[in-house]
Amino acid sequence: MNSKPIVMDCYYTIHTSFILNFEFLNNVTILIGNSGTGKTLSFSFLAESSLEDDRIVCLNDAHLRKDMKGILKSCEKKLIVIDHADILLDQDSRRYIAFDTKNQYFIIGRDVRDFLATEENLYELESIEKGERTEIFLKRYFQN
C-alpha cells in the first residue's frame, strides 16, 4: 500500500523541550517500536494539536468500547491518529483503513496485520539533540 498523503505532508510542533518533525510520505503511516521510544508522547502532542486543528482526529483507549469502524466512516479529509491500535482496531476496521481514500492515517501499534502494509508504511521514531531540545522524527523501520 503506497499512496500519497491526502491531508498533510508534514506535522511540525515545538513543545517544551521537544520538537516533533514528521514527514508523511504515505496515506497510511504505521509507527512501530519498543516501549519508551516516544510513541505515546507523540500521540499526546498530536492530540493537543487536534484541539486547534480540526483536520486531526485522535483516538486512543478512551474509545475502546466504541464502534471504531463507524467513527472512521464518519470522518472525511482528516488525519486520524490511533494510539494503541493493537487493542482498538479489529480486523474489519483495519481492512477499512487499508482501503479508505477519504482520510489519512497515523497508526501507533505493533500489530500490522490486515493493513496491507508494505515496508514503505512502517516507521519508527528517531531523535537527535538540538541544543536544549530533542527533535523527534520518523525513520523508515527497514532503513539500512
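Residues numbered from 1 in each chain as written. Predicted model: local features only at pLDDT ≥ 70, side-chain atom pairs only at ≥ 80, totals over all residues. Heavy atoms only, no water.

## A few points about the overall build of the chain
The number of helices and strands found in the chain is 4 helices and 8 strands. Reading the chain from its N end, one meets helices and strands in the order β-β-β-α-β-α-β-α-α-β-β-β. In terms of its C-alpha atoms, the chain occupies a principal-axis envelope of roughly 45 × 35 × 25 Å. Looking at the chain residue by residue over its 144 residues, the buried ones come to 43%. Of the roughly 7900 Å² that the chain leaves accessible, carbon and sulfur atoms contribute 47%. Here the chain contributes 18 positive and 23 negative side-chain charges, whose respective centroids are spaced 4 Å apart. (Helix = DSSP H or I, 4+ residues; strand = E, 2+ residues; numbered from the N terminus. Buried < 20%, exposed > 50% of the residue type's maximum accessible area, 1.4 Å probe, protein only. Areas by Shrake-Rupley, 256 points an atom, 1.4 Å probe, with all protein chains shown as cover. Lys, Arg positive; Asp, Glu negative; His and termini not counted. Charge placed at Lys NZ, Arg CZ, Asp CG, Glu CD.)

## Let's talk about helix 1 (residues 39–50)
Look at helix 1: 17 Å from first C-alpha to last across 12 residues, which is about the 16 Å you get at 1.5 Å a residue. Inspection of helix 1 places Lys 39, Ser 42, Phe 43, Phe 45, Leu 46 and Ser 49 among the buried residues, and these make up the whole buried set. Buried residues of helix 1, seen end-on, are gathered within an arc of 165 degrees and therefore sit on one face of the element. (Expected span 1.5 Å × (residues − 1). Arc of directions from axis to C-beta.)

## Some remarks on the pattern of salt bridges
Scanning all chains against the criterion turns up 8 salt bridges. Across the pair Glu 126 and Lys 139 runs a salt bridge, and its minimum N-O distance is 3.3 Å. One end of the pair, Glu 126, is in strand 7 (residues 122–130); the other, Lys 139, is in strand 8 (residues 133–140), and 13 residues separate them in sequence. Judged by relative accessible area, Glu 126 falls into the partly exposed class, the value being 30%. (Salt bridge = Lys/Arg side-chain N within 4 Å of Asp/Glu carboxyl O.)

## A closer look at the side chain of Glu 135
As for its position among the elements, Glu 135 is in strand 8. Of the residues examined, Glu 135 reaches a relative accessible area of 8% and is grouped as buried. Engagement of the side chain of Glu 135 in a polar contact is seen with the side chain of Asn 21, the distance being 2.8 Å. A polar side-chain atom of Glu 135 sits 2.8 Å from a polar atom in the side chain of Lys 130. Dropping the residues within four chain positions of it, Glu 135 is found in contact with Ile 19, Asn 21, Glu 126, Ser 127, Ile 128 and Lys 130. (Polar contact = N/O pair within 3.5 Å; in protein donor to acceptor, adjacent residues only side chain to side chain. Contact = heavy atoms within 4.5 Å.)

## Section: the sheet that holds strand 5 (residues 79–82)
Pairing within the open sheet is mixed, and its 8 strands lie in the order 1-2-8-7-3-6-5-4. Every interior strand has two partners, whereas the edge strands, strand 1 (10–15) and strand 4 (56–59), have only one. Here the strands of the sheet are splayed against their neighbours by 20 degrees on average, with no regard to which way each runs. Summarising the sheet, strand 4 and strand 5 pair through 4 bridges and their orientation is parallel. Residue pairing for strand 5: Leu 59 is matched across the bridge by Ile 82. (Pairing = 2+ DSSP bridges. Axes fitted to C-alpha atoms, helices over the stretch in contact; angles between N-to-C directions.)

In short, the description is geometric, and any link to function would need to be established separately.
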